[in-house]
Structures are given as structure tokens and as C-alpha cells.
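Chain by chain, the residues run as shown.
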Amino acid sequence: MLKMSSKEISNIREDYIKSKIDFTSLPESPLTFFENWFNMALLNDKENAISFVLSTITKGNKPSSRVVLLRGIDKQGFTFYTNYNSDKAKDIDNNNYVSANFFWHNLEKQVRIIGIAKMVSPEQSDQYFKGRPRGSQIGSWVSNQSSVVNINEDFSLRTEEIEKQFKGLEVSRPENWGGYCIMPEKIEFWQGRPSRLHDRLVYIKKGDIWVKKRLSP
Ligand SMILES: Cc1cc2nc3c(=O)[nH]c(=O)nc-3n(C[C@H](O)[C@H](O)[C@H](O)COP(=O)(O)O)c2cc1C
């Protein structure tokens, strides 16, 4: 039973008042703009700052979304790590256009990214993998992400097996585990404003140039 009626749910309202976009002074690159907002988000709530919804398109042309964690930003784009046999990886294999959505509620900010996901180099994945806690490293050998398992599956047996295998050794990176960089083609910045008259700024890549546009809320 829902604890709230539909009427009560429809009455949950919030007026966004915390900030605005200064359209008179915009950087040439959306990555500079992103870094500025991301710094604010990190100061506010680190875990929330790095979480984003990654959407892919399945082979059957259906959208599929899930949360992943941002693990790096550079001139190329936005990097996350995952299992290369997972459903999302299969989707990317088939159609490498993805969308990323950051929502920083406390800051009343949203960022929407569309871009091409490309595997990062094995060296870059190795470097990131080395810095992960040992438990997570073992876990990436244990889990064949997105595959169906028995309802009463006990991962501890396989975990023990892998732990034995790597006893006294550094855990190597499974070949089917690594990063993707999302190379953006379009980035929209949304800042909540009073009376739903929000600020929306979009950067669209045309060749080597980023074209800026303001959108109606
Ligand atoms: C807060 C949070 C962070 C997550 N971070 C990651 C991540 O960085 N990489 C990843 O593969 N899955 C991550 N997941 C799990 C994914 O949401 C998803 O369940 C998993 O990747 C399988 O997705 P798929 O079957 O569509 O490939 C995270 C989930 C949550 C809720």
C-alpha cells in the first residue's frame, strides 16, 4: 500500500531558487562549464556528484538505463568502468551512442550528455584497476555481470576460489573488465529556476567547434 495518495504525491512541489546561469559569460568548451559545476557538486556531496544515469540502446532498439560512477574527466570526455560482457557493454557494441545524466538535487542542477562511448586503453584500465580495493578486484573476477544466476546463488564459494588463486599475489584485471570514455557531442546544462522558468544551456559539437544555444525551459 502506498503511504501517500496520488493527490499528495502530485502536491510535492519545490521551487528552485539557488542559482542561475550567467548567459553573458560562457566558456567556449562545455567541459570547462562541466568542471565548474562538478567542483560544486563534489564539495556538496561527493558520492552523489560522481553518480550518473547511463542510458544505452538495446539490440531491439529499446532504451536501457542504470547508474554508474564517473571515474575521470579529461579533454576526451567522461570515463566509467564496467564489465565488457555486461548488458550495457553489449548495447554499446551494437550502438555506441549513449546518454549520461547527472542530477545534483541539492544544487538544483542537471547535466545531460549525448556522446560516443569508446573503450579506454588496456593500460588505462589496468591503472584504474590497480587502485581499487582488493575486495572489488576479486569481485570483478567473481561476477559475470548481467548474466542470469541461480536464485539461491552463493557467491562466497567462487570468491574463495578466486582468493586462493591470487593468494599472496596482486589481483590482475580480468580482460573483460575495463573503462569506457564517453566522448560528448552534445551537453545540456539545466539550472532550476523559480516558477519552472529554468535556465537551459546546450553545447553542440560542429566539427571542432562547440556551438552554444539557450533553450526554452
Ligand atoms: C550508486 C551506484 C553505482 C554504480 N556504479 C557502477 C559502475 O561504476 N559500473 C558498473 O558497471 N555498474 C555500476 N552500478 C551497477 C549498475 O547500475 C548496473 O546494475 C550494472 O552495471 C549492470 O547493468 P547492465 O546489466 O545494464 O549492464 C552502480 C549502481 C549504483 C546504484
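Residues numbered from 1 in each chain as written. Predicted model: local features only at pLDDT ≥ 70, side-chain atom pairs only at ≥ 80, totals over all residues.

What follows concerns the overall build of the protein. A tally of helices and strands in the protein yields seven helices and nine strands. Dimensions of the protein along its principal axes, counting C-alpha atoms only, are 60 × 55 × 40 Å. The buried share of the protein, taken over its 217 residues, is 24%. Taking as baseline every contact in the protein between residues at least 6 positions apart, the subset at least 24 positions apart corresponds to 62%. (Helix = DSSP H or I, 4+ residues; strand = E, 2+ residues; numbered from the N terminus. Buried ≥ 20, exposed ≤ 12 C-beta atoms within 10 Å, placed from the backbone. Contact = placed C-beta atoms within 7 Å.)

Close contacts around the ligand come from 14 residues, with Arg66, Thr82, Ser86, Lys88 and Ser146 the closest. Looking at the shell around the ligand, the element that brings in the most residues is strand β2 (residues 63-69), giving five residues. Looking at side-chain class alone, the shell around the ligand contains five nonpolar, six polar and three charged residues. (Near = placed C-beta within 6 Å. Nonpolar A, V, L, I, M, F, W, Y, C, P; charged D, E, K, R; others polar.)

Here the focus is helix α4 (residues 87-94). An α-helix turns once per 3.6 residues; consequently, residues spaced three or four apart project the same way. Every buried residue belonging to α4 is among Lys88, Ala89, Asp91 and Ile92, and all of these are buried. Each buried residue of α4 lies within a common arc of 155 degrees when the element is viewed along its axis, so the set occupies one face. Where α4 is buried, its residues touch β1 (51-57), β2, β4 (78-83), β5 (97-104), β6 (109-119) and β7 (177-191). (Arc of directions from axis to C-beta.)

One ladder, built from seven bridges, connects β1 with β2; its direction is antiparallel. By the bridge assignment, leucine 54 is partnered in β2 with arginine 66. Two successive antiparallel strands, β1 and β2, enclose a turn made up of five residues, where asparagine 61 displays a positive phi of approximately 65 degrees. (Pairing = 2+ DSSP bridges.)

All of the buried residues in helix α6 (residues 134-142) are Gln137, Ile138, Ser140 and Trp141. All buried residues of α6 lie within an arc of 155 degrees about the axis, which places them on one face of the element. Pointing more than 90 degrees away from the buried face of α6 are the exposed residues Gly135 and Ser136. Tucked into the core, α6 has its buried residues touching α5 (122-130), α7 (155-165) and β7.

Once that is clear, we can look at the nonpolar core. Grouped together as the largest cluster of nonpolar side chains are 31 residues, with contacts concentrated most on Phe34, Trp37, Ala100, Val111 and Ile182. When residues of this core are traced back to their parent elements, those giving at least two are α2 (30-44), β1, β4, α4, β5, β6 and β7. Sort the elements by how many residues they give to this core and β7 lands first, with seven residues. (Core = buried A, V, L, I, M, F, W, Y, C linked by C-beta atoms within 7 Å.)

Here the phi dihedral of serine 146 falls at roughly 80 degrees; this positive angle occurs in a residue that is not glycine. You can see serine 146 is positioned in the loop between α6 and α7. On the neighbour-count criterion, serine 146 (14 C-beta atoms within 10 Å) is partly exposed. Phi at arginine 196 is positive, roughly 65 degrees, even though this residue is not glycine.

The next point concerns the packing of α6 against α7. At a closest axis distance of 9 Å, the pairing of α6 and α7 adopts a crossing angle of 110 degrees. Judged on the interaxial angle alone, α7 and α6 are roughly perpendicular. Considering how the two elements wind past one another, α6 and α7 form a crossing that is right-handed. Listed contacts from α7 to Ile138, Trp141 and Val142 of α6 are Phe155, Arg158, Thr159, Ile162 and Glu163. Of the residues assigned to the contact of α6 with α7, the class counts are five nonpolar, one polar and two charged. (Axes fitted to C-alpha atoms, helices over the stretch in contact; angles between N-to-C directions. Parallel < 35°, antiparallel > 145°, perpendicular 65-115°, else oblique. Left-handed = near helix turned anticlockwise from the far one by under 90°.)

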